[in-house]
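Chain by chain, the residues:
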Amino acid sequence: MTSALPAASAARTNRRTVTAAVVQAAAPLFDTPAALTRAEELVREAVTGHGAEVVVLPEAFLGGYPKGLDFEVTVGSRTPAGRELFRRYHAAAVDVPGPETDALAALTQELGCHAVVGAVERRGGTLYCVALFFGPDGYLGLHRKLVPTAAERYLWGQGDGSTLPVVDTGTARLAAGICWENYMPLFRTAMYAKGVDLWCAPTVDDRDAWQATMRHIALEGRCFVLSACEFLRRDAVPADLHPVQGDAPETVLIGGGSVIVSPLGEVLAGPLRDGEGILTAELDLDDLVRARFDFDPTGHYARPDVFTLHIDESARTTTTGG
């Protein structure tokens, strides 16, 4: 005769969990093969060393985030040297699909994990800041940053509504908001309406204020937030370039702050400062329902009789027809 499990033990046994990891690191700038190798190493370490089932890498990890470089742009003027630097940046970006996405797809197939990887996508003469989605089935799609932030606009084009995926992992639904997209209320509302459970936030925003943003989105969306920020030092930038922060090798260009937050705004891991690393947390997916008991932003707490949002998910191109 067997005795029934105590209620608390039964609840633990029946928990639906996902182990998530956010990676705080940076890849060598303008060196795509090295960046890909680094991405593969970090995803593998997160899965095999930390037990992660979902891994998030920072914004522009493949292709690079050129923090502190001005490409010699002033209002109404560009220079030959700035154009040559953009050529180098364009050459370091990745095609989607392409060899880099093929390699990462093979890796997540091998490991049986999901990964969200920040990258710079090259499409013709235009670059886009993107989040790439991978899973046990390989490459799953991308999200293009809708509005490049400030001076990023002379490097990157704008995404459109055709790349707003929510990926169903079988246990949870994940999506990505890249850096300052997280400040766009209507974008957040659109993603909440798609039922996001794991809000992935690849970023290079290392300010203390970013922590408040991540906790707010967790509370507002009643979702887990996985924010992966770069940690970049001057010595990772080619010696012939001169970021405005200075040329001392130990100068920190991007200071990290990666964090994992619960659907009630509680910090589960991080923020990580002062170096590279991998943060992990076991996410109790039943916390999503517990949190939505008293607030569901596009459900029982919405007022469609007062507010509605139109979302255009069509691709915007400059040419049509044959």
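Summarised in this report is the structure supplied together with it. Bear in mind that the values here come from a model prediction, so they are computed numbers and not experimental data.

Focus on the overall build of the protein
Each helix and strand counted, the protein has seven helices and 13 strands in total. Taking 20 Å as the expected radius of gyration for a compact globule of 322 residues, we find that the protein reaches 20 Å, a close match to that expectation. Along the longest, intermediate and shortest principal axes, the C-alpha atoms of the protein span 80 × 50 × 40 Å. Put simply, the protein shows about 14700 Å² of open surface, and 53% of that area lies on carbon and sulfur atoms. Taken together, the 28 basic and 41 acidic charged side chains of the protein have centroids lying 4 Å from each other.

What about the sheet that holds strand S13 (residues 277–284)?
Ordered by their spatial adjacency, six strands build an open sheet running S5-S4-S3-S2-S1-S13, and the pairing between neighbours is mixed. One side of each edge strand has no neighbouring strand; the edge strands of this open sheet are strand S5 (138–144) and S13. Averaged over all pairs of adjacent strands, the angle between their axes in this sheet comes to 30°, without regard to strand direction. Pairing of strand S2 (residues 54–56) with strand S3 (residues 114–123) involves three bridges; the strand directions are parallel. The partner of Val-55 across the bridge, within S3, is Ala-115. Strand contacts of helix H4 (residues 99–111): S3, strand S4 (126–135) and S5, with the helix running at about 20° to S4, the strand carrying the most contacts.

Re the side chain of Thr-213
When you line up the elements, Thr-213 lands in helix H6 (residues 209–221). Given the relative accessible area of 11%, Thr-213 is considered buried. The contact partners of Thr-213, leaving out residues within four places of it in the chain, are Asn-182 and Tyr-183.

Quick look at unusual backbone geometry
Residue Pro-97 is reached from Val-96 by a cis peptide bond, and omega for that bond is 0°. Checked against the element boundaries, Pro-97 lands in the loop between helix H3 (80–92) and H4. You will see that Ala-60, though not glycine, has its phi angle at about 55°, which is positive. Along the chain, Ala-60 turns up in the loop between S2 and H3. Residue classification places Ala-60 among the buried positions, given a relative accessible area of 0%. Positioned with a positive phi, Phe-71 is a non-glycine residue whose angle comes to about 55°.

Some words on the pattern of salt bridges
One pass over the full model with this rule turns up 22 salt bridges. Close ionic contact of Arg-273 with Asp-208 constitutes a salt bridge, the shortest N to O distance being 3.1 Å. A residue pair is termed long-range when its members are at least 10 positions apart, and Arg-273 in strand S12 (residues 267–273) and Asp-208 in the loop between strand S8 (198–203) and H6 qualify at 65 residues. Between Arg-290 and Asp-287 there is a salt bridge, with its nearest N and O atoms 2.7 Å apart. Taken as a pair, Arg-290 and Asp-287 lie in helix H7 (residues 286–292) at a separation of three residues, close to a single helical turn. Through salt bridges with shared partners, a single ionic network connects Glu-59, Lys-145 and Glu-152.

Thoughts on the side chain of Thr-108
By the secondary structure assignment, Thr-108 is in helix H4. A polar contact of 3.2 Å, which involves the side chain of Thr-108, links it to the backbone oxygen of Ala-105. In contact with Thr-108, not counting residues within four places along its chain, are Cys-113, Ala-115, Phe-134, Gly-135, Pro-136 and Gly-138.

About the criteria used
- Residues numbered from 1 in each chain as written.
- Predicted model: local features only at pLDDT ≥ 70, side-chain atom pairs only at ≥ 80, totals over all residues.
- Heavy atoms only, no water.
- Helix = DSSP H or I, 4+ residues; strand = E, 2+ residues; numbered from the N terminus.
- Rg over C-alpha atoms; globule rule 2.2 N^0.38 Å.
- Areas by Shrake-Rupley, 256 points an atom, 1.4 Å probe, with all protein chains shown as cover.
- Lys, Arg positive; Asp, Glu negative; His and termini not counted.
- Charge placed at Lys NZ, Arg CZ, Asp CG, Glu CD.
- Pairing = 2+ DSSP bridges.
- Axes fitted to C-alpha atoms, helices over the stretch in contact; angles between N-to-C directions.
- Contact = heavy atoms within 4.5 Å.
- Buried < 20%, exposed > 50% of the residue type's maximum accessible area, 1.4 Å probe, protein only.
- Salt bridge = Lys/Arg side-chain N within 4 Å of Asp/Glu carboxyl O.
- Polar contact = N/O pair within 3.5 Å; in protein donor to acceptor, adjacent residues only side chain to side chain.

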